[in-house]
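A closer look at the structure
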Amino acid sequence: MNMIVAVDENWAIGSKGDLLVRIPADHKMFRRETLGKVVVLGRKTMDTFPGGMPLSGRTNIVLTRNTDYQVKGAVVVHSVEELLDELKKYADEDIYVIGGESVYRQLLPYCDTVHVTKIDRAYDADAYFPDLDADGDWEIAADSDEMSYFDTTYHFLKYVRKA
């Protein structure tokens, strides 16, 4: 299973329910990686999408404790166990966890690859991804050249779980 995330230099991912920054190349990479695949996300992340609707061209699975929650065009599950059972229908390499913070933390133990857009800046934030650089179970398998969007520099990194 994969994760895909954009983080700042402190592994922050969001502030007040929104992304820290919007980088077109990051959105393009996200689309390229996830189109035609399965995306797993929390209810709060789904609420940030236009109209609160699922991402098109993907199987959307929402993990929420709210048993009354429903969204047209998405599968809704209410526990990690129920999610893992649902995910048995799909190839592991076609599954992408896309947020938010609590979903990332709950599912990181089940993932073996994390695609990280690492932004070379610190933002004011209130949501964080676990620091993979400080976790001995992870190593960088791929690193892009430095890229920039106006005054923001970033890298695309691929972390893999050590065998």
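The preceding data block contains the structure.
This structure is a prediction, so every number in the text was calculated from the model and none was measured. (Residues numbered from 1 in each chain as written. Predicted model: local features only at pLDDT ≥ 70, side-chain atom pairs only at ≥ 80, totals over all residues. Heavy atoms only, no water.)

1. Brief notes about the environment of E9
- Relative to the assigned elements, E9 resides in the loop between β1 (2-7) and β2 (12-15).
- Here E9 is in contact with K118, I119, D120, R121 and A122, once residues within four sequence places are set aside. (Helix = DSSP H or I, 4+ residues; strand = E, 2+ residues; numbered from the N terminus. Contact = heavy atoms within 4.5 Å.)

2. Concerning helix α3 (residues 80-87)
- Of the residues making up α3, those classed as buried are V80, L83, E86 and L87. Buried positions in α3, seen along its axis, are confined to an arc of 120° and lie on one side of it.
- Turning to α3, the residues buried within the fold contact β4 (38-42), β5 (59-63), β6 (74-77), β7 (95-99) and α4 (101-107). (Buried < 20%, exposed > 50% of the residue type's maximum accessible area, 1.4 Å probe, protein only. Arc of directions from axis to C-beta.)

3. Considerations on the packing of aromatic side chains
- By the definition in use, this model includes five aromatic pairs.
- A centroid spacing of 6.2 Å and a plane angle of 25° characterise the contact between W11 and F129, whose relative ring orientation is stacked. With a gap of 118 residues between them, W11 in the loop between β1 and β2 and F129 in the loop between β9 (127-128) and β10 (138-143) connect regions that are remote in the sequence. Considered together, W11 and F129 belong to a single accessibility category, that of buried residues.
- Their ring planes at 65° and their centres at 5.6 Å tell us that Y154 and F156 sit as a pair that is edge-to-face. (Phe/Tyr/Trp six-rings, centres within 6.5 Å; stacked < 30°, edge-to-face > 60°.)

4. Quick look at the pattern of salt bridges
- Scanning all chains against the criterion turns up seven salt bridges.
- Here E86 makes a salt bridge to K89, at a shortest N to O gap of 3.1 Å.
- A salt bridge links R105 to E101; its shortest N-O distance comes to 3.4 Å. Taken together, the residues R105 and E101, both in helix α4 and four residues apart, mark about one turn of the helix.
- On the basis of relative accessibility, which here comes to 41%, the residue R105 falls in the partly exposed class.
- Residue E101 is classed as partly exposed on the basis of its relative accessible area of 26%. (Salt bridge = Lys/Arg side-chain N within 4 Å of Asp/Glu carboxyl O.)

5. Section: the sheet that holds β9
- Pairing in this open sheet of three strands is antiparallel, and the strands run β3-β2-β9 from one edge to the other. One side of each edge strand has no neighbouring strand; the edge strands of this open sheet are β3 (18-19) and β9.
- Two elements, β2 and β9, share two bridges in a ladder whose sense is antiparallel. Paired with A12 across the bridge in β9 is Y128. (Pairing = 2+ DSSP bridges.)

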